[in-house]
Protein chains: 2
Amino acid sequence: MTLSEHTVKAYDDELKKLDELVVRMGGLAESQMAAAIDAITRGDERLAQRAIVSDDEIDRLEQEVEQAVIRMLALRQPAGQDLRMIVSVLRISSDLERIGDYAANVAKRAIALRAHAPQDPLRSLPRMVRLVQGSLDRVLDAFVKRDSAKALDVWESDREIDEMYTSLFRETLTYMMEDPRNITPCAHLLFIAKNIERIGDHCTNIAELIHYMVTGKRLTGHRPKGDESSYVVVEPDA
Amino acid sequence: MTLSEHTVKAYDDELKKLDELVVRMGGLAESQMAAAIDAITRGDERLAQRAIVSDDEIDRLEQEVEQAVIRMLALRQPAGQDLRMIVSVLRISSDLERIGDYAANVAKRAIALRAHAPQDPLRSLPRMVRLVQGSLDRVLDAFVKRDSAKALDVWESDREIDEMYTSLFRETLTYMMEDPRNITPCAHLLFIAKNIERIGDHCTNIAELIHYMVTGKRLTGHRPKGDESSYVVVEPDA
């Protein structure tokens, strides 16, 4: 192997390492989200603690990505598509770190919900969670395969998650109006649903970054937006 | 001027331009937050619309920062402190973009609150907003002056914002329990307060980035954390 071949090989290894770090962060975020939701539906405090603690590992990996990126920028002076990829990975790792934060927050609320949760609004939650888990799974796959069409597909499916969130928001308010004892658990449910919706948004961000990374083009125009919950008004029955 | 002096000058200009973009984003975020809060306290829908629309300009500036960063990385191949600064600016612009999103969301909820807002919990909000505005203002100043001590000061003051948020969360739940007609506006208030608390978190992020940018060292250990709201349980009076 010549010196130059050696350099190319080392550089390729570093690029591959970045990919692996992203995939590991994504895998951790997926299982953290699953644990957080199981903690809520089963009222299992130990699962909740596990989801909270695993957030530290995701944070640590984000730091590792950043250090690797800075090292590569300084030593390899990448250009063109490689540079785009490296900067995108930096951003993707931030999104995954945020997903971890949201999952940890869902898990924290499982503890407040344990004894009090009304069952009906909880029933809509798993469906929303499955949709978001699907998005995260597909967007990680799109990243690994550098598949911009698949990324676009995730981007477009966020509308459904937003609509589900808006309807859950509305439903949860009516439960609060029915019985004041529902108010505390339902307030936490509102934030749990919001956190899950935000995880969906971060999947959308990642999809945009993959599209840019692969094609060099931005997804222009506004996102498909279905979260109208900020405007929702529900009146109690007279 | 020699060719090399010319290059150095162009490079310095580009670095200065990055600073200016961050300051412009920060200034826009500050006035957007002010407009959003005025919209709520005065029930002014036109102010709310203005705060919502100005988010587009912040988003556009974030794109401009990213393009400038990628161009500089490709052409100037910065190293050492410059590289750290350029990567930090990229992250800071993301935080400012998120602050803009949160401010826009606060403004959107002003519209749902217009006719319905209970006055008492609204009274605690401006104090929390002033604290967060202070953080944003000081962290931007710390950025311009490359003042890591000032950044650290912002970092430490986030605890107070979090504590205020937790107490507002608790207070808002009791208003919901008092009268079912309070439930919709108070649900929006919960999210408004949460958005403001999140703006505080992003100021903390920016403070960490400035500290890293200036000193090359990470602020280690967990953040001073006072947001205990995820564990809060409020019971209605028997």
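Before going into details, it helps to say that this report is about the structure given with it. For clarity, every value in this text was computed on a predicted model and none was experimentally measured.

Analysis parameters
Residues numbered from 1 in each chain as written. Chains lettered and ligands numbered in written order. Predicted model: local features only at pLDDT ≥ 70, side-chain atom pairs only at ≥ 80, totals over all residues. Heavy atoms only, no water. Phe/Tyr/Trp six-rings, centres within 6.5 Å; stacked < 30°, edge-to-face > 60°. Helix = DSSP H or I, 4+ residues; strand = E, 2+ residues; numbered from the N terminus. Buried < 20%, exposed > 50% of the residue type's maximum accessible area, 1.4 Å probe, protein only. Lys NZ or Arg CZ within 6 Å of the ring centre and 35° of its normal. Salt bridge = Lys/Arg side-chain N within 4 Å of Asp/Glu carboxyl O. Contact = heavy atoms within 4.5 Å. Buried area = accessible area lost by both parts, 1.4 Å probe. Polar contact = N/O pair within 3.5 Å; in protein donor to acceptor, adjacent residues only side chain to side chain. Nonpolar A, V, L, I, M, F, W, Y, C, P; charged D, E, K, R; others polar.

1. Looking at the packing of aromatic side chains
Phase 1: Counted under the stated rule, the structure contains 5 aromatic pairs over all chains.
Phase 2: Ring geometry for Phe169 of chain A versus Phe191 of chain B: centroids 6.0 Å apart, planes at 50°, classification tilted. On the criterion of chain membership, the pair formed by Phe169 of chain A in helix α5 (residues 148–178) and Phe191 of chain B in helix α6 (residues 183–215) is interchain, its members lying in two chains.
Phase 3: Here Phe191 of chain B falls in the buried class, since its relative accessible area comes to 2%.
Phase 4: What links up through ring pairs into an aromatic cluster is the set Tyr165, Phe169 and Phe191 of chain A together with Tyr165, Phe169 and Phe191 of chain B.
Phase 5: Here Arg218 of chain A stacks its cationic end above the ring of Tyr212 of chain A, 3.9 Å away from the centre of that ring.
Phase 6: Here Arg146 of chain B stacks its cationic end above the ring of Phe143 of chain B, 4.7 Å away from the centre of that ring.

2. What to know about unusual backbone geometry
Only a minority of non-glycine residues have a phi that is not negative, and only a minority of peptide bonds are not trans.
All names here are of chain A.
Phase 1: Even without glycine at this site, Gln77 takes up a positive phi of about 45°.
Phase 2: In this fold, Gln77 is placed in the loop between α2 (45–76) and α3 (80–113).
Phase 3: Even without being a glycine, Arg146 presents a positive backbone phi close to 50°.
Phase 4: With respect to the helices and strands, the residue Arg146 is situated in the loop between α4 (119–145) and α5.
Phase 5: Note on Arg146: relative accessible area 29%, which makes it partly exposed.

3. Quick word on the pattern of salt bridges
Phase 1: Evaluation of the coordinates by the stated rule reveals 36 salt bridges over all chains.
Phase 2: Note that Arg98 of chain B and Asp101 of chain B form a salt bridge whose closest N and O atoms lie 2.6 Å from each other. Taken together, the residues Arg98 of chain B and Asp101 of chain B, both in helix α3 (residues 80–113) and 3 residues apart, mark about one turn of the helix.
Phase 3: Between Asp201 of chain B and Arg198 of chain B there is a salt bridge, with its nearest N and O atoms 2.7 Å apart. Note that Asp201 of chain B and Arg198 of chain B are positioned in helix α6 at a spacing of 3 residues, about one turn of the helix.
Phase 4: Accessibility expressed as a relative area gives 7% for Asp201 of chain B, which makes it buried.
Phase 5: Taken together, the shared-partner salt bridges connect Lys17, Arg24, Glu57, Arg60 and Glu64 of chain A into one network.

4. What to know about the interface of chain A and chain B
Phase 1: Every contact between the two is made by 49 residues of chain A and, on the other side, 49 residues of chain B.
Phase 2: Carbon and sulfur atoms supply 60% of the area buried between chain A and chain B, which totals about 4,400 Å² over both sides.
Phase 3: In terms of surface lost to chain B, no three residues of chain A exceed Arg91, Phe191 and Ser230 of chain A, which account for 14% of the buried area on that side.
Phase 4: Where chain A packs against chain B, one counts 6 salt bridges.
Phase 5: Across the chain A-chain B interface, the total number found is 15 residue pairs in polar contact (both at pLDDT 80 or more).
Phase 6: Sorting the residues of the side of chain A that touches chain B by element identifies α2, α3, α5 and α6 (183–215) of chain A as the ones contributing at least two each.
Phase 7: At 13 residues, the largest contribution of residues to the side of chain A that touches chain B is made by α3 of chain A.
Phase 8: Along the lines of polarity and charge, the residues of the side of chain A that touches chain B split into 26 nonpolar, 11 polar and 12 charged.

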